[in-house]
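This is what each chain is made of:
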Amino acid sequence: MTTVNVQDKKRNILKDFLEGSRLSIPIALGYFPVSFTFGLMAVRGGIPVWIVILISMTNITSAGQFAGTNLIIAGAGLTEIAVTTFVINIRYMLMSLSLSQRLVAGVSSIKRLIMAFVVTDETFTVAAMQKRDISFSFMAGLELLPYIGWSAGTAVGAMVCTLLPQTLQDSMGIALYAMFIALVIPAAKKSRAALVVAGCAIIISTVIKWIPVFSFISGGWRIIIATAIACTLGAKMFPPQDAETDRE
Amino acid sequence: MGIYMDKVLAAVLLMALVTYLPRVLPLAIFKNKIRSRFLTAFLSYVPYAVLGAMIFPDILTSTGHLASAAAGLVIASVMAYFERGLLQVAVCAIIAVYVCELILVRMV
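Residues numbered from 1 in each chain as written. Chains lettered and ligands numbered in written order. Predicted model: local features only at pLDDT ≥ 70, side-chain atom pairs only at ≥ 80, totals over all residues. Heavy atoms only, no water.

J.: Whenever I open this one, a nonpolar patch on the surface confuses me. Can you help?
T.: There is a patch of nonpolar side chains on the surface, built from A:Ile25, A:Leu29, A:Leu144, A:Leu145, A:Ile148, B:Leu87, B:Val91, B:Ile95, B:Val99, B:Ile103, B:Met107 and B:Val108 and spanning about 1,100 Å² of accessible area. Here the element with the most residues in the nonpolar patch is helix α4 (residues 86–107) of chain B; it accounts for six residues. (Patch = residues over 30% accessible without salt bridge, like charges linked within 9 Å, V, L, I, M, F, W, Y side chains within 5 Å. Areas by Shrake-Rupley, 256 points an atom, 1.4 Å probe, with all protein chains shown as cover. Salt bridge = Lys/Arg side-chain N within 4 Å of Asp/Glu carboxyl O. Helix = DSSP H or I, 4+ residues; strand = E, 2+ residues; numbered from the N terminus.)

J.: Would you mind showing me how to read the interface of chain B and chain A here?
T.: Size of an interface, as often reported, equals the accessible area lost when the parts are brought together. The partner chain A presents 102 residues to the 67 residues of chain B that form the contact. Around 7,800 Å² of area is buried between chain B and chain A when both sides are counted, 76% of it from carbon and sulfur atoms. By the criterion of area lost to chain A, the three top residues of chain B are B:Arg23, B:Leu27 and B:Tyr45, representing 11% of everything that side buries. The tally of links from chain B across to chain A stands at four salt bridges. Across the salt bridge formed by B:Asp58 and A:Arg222, the nearest N and O atoms sit 2.9 Å from each other. Our count for the chain B to chain A interface comes out at 22 residue pairs in polar contact (both at pLDDT 80 or more). Broken down by secondary-structure element, the contributors of at least two residues to the side of chain B that touches chain A are α1 (2–29), α2 (37–55), α3 (66–81) and α4 of chain B. Top element by residues in the side of chain B that touches chain A is α1(B). It accounts for 19 residues. Split into classes, the residues belonging to the side of chain B that touches chain A amount to 50 nonpolar, nine polar and eight charged. (Contact = heavy atoms within 4.5 Å. Buried area = accessible area lost by both parts, 1.4 Å probe. Polar contact = N/O pair within 3.5 Å; in protein donor to acceptor, adjacent residues only side chain to side chain. Nonpolar A, V, L, I, M, F, W, Y, C, P; charged D, E, K, R; others polar.)

J.: Whenever I open this one, the nonpolar core confuses me. Can you help?
T.: One broad trend across soluble globular proteins is that nonpolar side chains are buried collectively. Membership of the largest hydrophobic core comes to 81 residues, with the highest contact counts inside it found for A:Leu99, A:Met139, B:Tyr45, B:Val46 and B:Ile59. Looking at this core, the element that brings in the most residues is α2(B), giving twelve residues. Filtering out sequence-adjacent residues up to four positions away, A:Met139 remains in contact with A:Leu99, A:Met115, A:Ala127 and A:Ile134. By size, the runner-up hydrophobic cluster in this structure holds 17 residues, among which are A:Ala42, A:Ile47, A:Ile55 and A:Leu71. (Core = buried A, V, L, I, M, F, W, Y, C linked by side-chain atoms within 4.5 Å. Buried < 20%, exposed > 50% of the residue type's maximum accessible area, 1.4 Å probe, protein only.)

J.: Help me out: how do you make sense of the state of the cysteines in this one?
T.: Two cysteines whose sulfur atoms are joined by a covalent bond form what is called a disulfide. This model, assessed by the stated rule, comprises zero disulfides over all chains. The thiol sulfur of A:Cys200 is not disulfide-bonded, and the nearest other cysteine sulfur, from A:Cys231, lies at 9.7 Å. (Disulfide = S-S within 2.5 Å.)

J.: Got a minute to help me understand the packing of helix α3 (residues 62–73) of chain A against helix α4 (residues 78–89) of chain A in this structure?
T.: The relative placement of two packed helices is expressed as an angle between their axes plus a distance between the axes. All names here are of chain A. Put simply, α3 and α4 touch, their axes get as near as 8 Å, and they point 165° apart. Viewed along their axes, α3 and α4 adopt a mutual orientation that is roughly antiparallel. You can see that α3 and α4 cross each other, and the crossing is right-handed. In contact with Ala63, Gly64, Ala67, Gly68, Leu71 and Ile72 of α3, α4 contributes Glu80, Ile81, Thr84, Thr85, Ile88 and Asn89. Partitioning the contact of α3 with α4 into residue classes produces six nonpolar, five polar and one charged. (Axes fitted to C-alpha atoms, helices over the stretch in contact; angles between N-to-C directions. Parallel < 35°, antiparallel > 145°, perpendicular 65-115°, else oblique. Left-handed = near helix turned anticlockwise from the far one by under 90°.)

J.: In this structure, what is going on with the side chain of A:Ser35? I would like to understand it.
T.: Residues and elements named next belong to chain A. Residue placement: serine 35 occurs in helix α1 (residues 2–44). Judged by its relative accessible area of 0%, serine 35 falls in the buried class. Separated by 3.1 Å, the side chain of serine 35 and the backbone oxygen of tryptophan 150 make a polar contact. Among the polar contacts made by the side chain of serine 35, one reaches the main-chain amide nitrogen of threonine 154 at a distance of 3.4 Å. Serine 35 has contacts with Gly149, Trp150, Gly153 and Thr154, leaving out every residue within four places of it along the chain.

Now the structure itself:
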């Protein structure tokens, strides 16, 4: 009996891993042009190729490492670099907290430390859109290819540097946003709560960005503020019983 | 060269640390389900809010020109509405932007 159970368990681990990998293919491919651009930019700014690749392999985040690298190139101090990067990355706290509530029971500490490493805007949202609770093997599958895509894209970008025409480089800037749109619109079609929350966040983010009084708020804080207000509103207007949140 | 490289490496490691900490702390600390219904609902809405706030208005400045970004936005939105896959939406948006950029560059 027990051997059958062990075999079943192994099969589930593999199934979850493959399912995560399948869902991560578009993320990995979407990362490539973005990290490619990062590689180009950083090398052009005078940072050695191997350090540029190291940045992508240890940070795996778009906004944070773009900002941090720009500051390095500008010759900023360590404190400023650390604080700016941290502020941009505070949003991951909300994501990891949200993710911690969706994990299957009994995921060990070490597994939590590992899976936290590649919690990105995209891997988080794809995981969060799953109907089932999330296992470690699913997250591992979901994170592996994007990690490779992000690192490889940076490496290629850093080495090719300026072979690509400027127009094509500019056009690739839209890739990540198009992916975000492809994630949020289908969800907003199915759930009124998702529509209202996303809509609120867009309005707040736009107000902060475009109204000069708020110009002191950086990009990282803008996302945090918009998320906090929109989710508070959503939780008040659509409490769990009429939302799809009651999973227990 | 030596001192400069040391500083760059220190900056990179610091960046890695302040990126990892916010990712790992909540996962390491909250091992039980949160009981508050308000917080549960709040957290379940985080992905939609984050996506909304990240898309707009930043998407408008993600390419060479506002017009090409707007074209990419419209194409991506229409395709997402008809529930095409992530990659398909991304590639079509890039193509739309690229065509637009080519036209704009010719005109100027």
